[in-house]
Amino acid sequence: RVLFRSSHSGTHLASPSFALPSGDGRDAPLSGPLRQWQDEFEKRYGPIGVSDVTVEKVPISQTCGPLRIIDVRRLRGSTKPSERPSSPRISAADVQRDEKENGPLPAGAVVVFSSGWTDDFFKPLPEGNACFADPLNGKCEGWPALGPDAVAYLASRGIRCVGTDAPTVGG
C-alpha cells in the first residue's frame, strides 16, 4: 500500500465559516435552484446555522483525538448513471453499522472515511481526471460523500473532526 501525501496533508482544514453563512448579512441571498435546495434541506434537517469561526479560531484540541477509520468502499458503484453528477451518500446507518462492528464512537474521536478513492484514481493526467474532474463533470460516479443525516449523527456522538481519503467530504 502506498501512502499519498498532498500539499494539504495535515494542513487542510475547512472551518465552519467555509460552509456556513456569516449571519452578518454580507452573504449574497440564494436564488433559483440553490434557494430551492436550501429550502428542502431546512425542511428536512432544520435551519442552516451561521458561523464566523474561521481557521484561526478553531481550537487545536478540536482536531485531535482517538482515530476511527470507517470503511465505506462498499458504497462505491452504488449510484446510477442517470443520477450524475452524484456521489454515493454516507448515511447515519453506515456509521451505526461501523459502531455495531467496532464499538461506539467515543466523543472527541477523529473519524476518517476510507473509500480507497485516491488509491485508485489519483494518477497523472489525463488518467487522473477520474479522481476529481470526471465525477464533477458527470462522466462517472463520484466518491462516497457525507450525507446530512450522517453529519447530524456524528455531531450527536460528540464527533467534531471528520476526514476522508477522497478529494473532499462532500459529493
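Residues numbered from 1 in each chain as written. Predicted model: local features only at pLDDT ≥ 70, side-chain atom pairs only at ≥ 80, totals over all residues. Heavy atoms only, no water.

1. Structural notes on the overall build of the chain
Here's step 1: Secondary structure assignment for the chain yields 6 helices and 5 strands.
Here's step 2: In the chain, the succession of α and β elements from N to C terminus is α-α-β-β-α-β-α-α-β-α-β.
Here's step 3: Compactness check: the chain gives a C-alpha radius of gyration of 17 Å against a globular reference of 16 Å for 171 residues, within 12% of the reference.
Here's step 4: Taken along the three principal axes of its C-alpha coordinates, the chain extends 45 × 40 × 35 Å.
Here's step 5: Considering the chain as a whole, with its 171 residues, one finds that 29% of them fall into the buried category.
Here's step 6: Taking the contacts inside the chain whose residues are at least 6 apart along the sequence as the reference set, 79% of them involve residues at least 24 apart.
Here's step 7: Only carbon and sulfur atoms are counted for the fraction: they give 56% of the accessible area of the chain, which is about 11,100 Å².
Here's step 8: Separation between the mean location of the 20 positive side-chain charges and that of the 20 negative ones in the chain comes to 3 Å. (Helix = DSSP H or I, 4+ residues; strand = E, 2+ residues; numbered from the N terminus. Rg over C-alpha atoms; globule rule 2.2 N^0.38 Å. Buried < 20%, exposed > 50% of the residue type's maximum accessible area, 1.4 Å probe, protein only. Contact = heavy atoms within 4.5 Å. Areas by Shrake-Rupley, 256 points an atom, 1.4 Å probe, with all protein chains shown as cover. Lys, Arg positive; Asp, Glu negative; His and termini not counted. Charge placed at Lys NZ, Arg CZ, Asp CG, Glu CD.)

2. What about a nonpolar patch on the surface?
Here's step 1: A cluster of nonpolar residues, L20, F41, Y45 and I48, forms a patch on the protein surface that exposes about 270 Å² of accessible area.
Here's step 2: Tracing the chain through its elements places I48 in the loop between α2 (32-45) and β1 (67-71). (Patch = residues over 30% accessible without salt bridge, like charges linked within 9 Å, V, L, I, M, F, W, Y side chains within 5 Å. Salt bridge = Lys/Arg side-chain N within 4 Å of Asp/Glu carboxyl O.)

3. Describing unusual backbone geometry
Here's step 1: In the segment running from R84 into P85, the intervening peptide bond is cis, with an omega of -5°.
Here's step 2: Within the element layout of this structure, P85 appears in the loop between β1 and β2 (89-90).
Here's step 3: Looking along the chain, the bond that leaves L125 and enters P126 is cis, with omega of 5°.
Here's step 4: With respect to the helices and strands, P126 occurs in the loop between α4 (117-121) and α5 (133-136).

4. Remarks on the packing of aromatic side chains
Here's step 1: Across all of its chains, the model carries 4 aromatic pairs by this definition.
Here's step 2: On the numbers, 5.0 Å between centres and 40° between planes, the contact of F41 with Y45 is tilted. Of this pair, F41 and Y45 both sit in helix α2, 4 residues apart, which is roughly one turn of the helix.
Here's step 3: Geometrically, the ring pair formed by W117 and W143 is edge-to-face, given 5.9 Å between the ring centres and 70° between the ring planes. Here W117, found in helix α4, pairs with W143, found in the loop between α5 and β4 (145-146); they are 26 residues apart in sequence, far enough to count as distant. Of the two residues examined, W117 and W143, each falls in the buried class.
Here's step 4: Among the aromatic residues, ring-to-ring pairing joins W117, F121, F132 and W143 into one connected group. (Phe/Tyr/Trp six-rings, centres within 6.5 Å; stacked < 30°, edge-to-face > 60°.)

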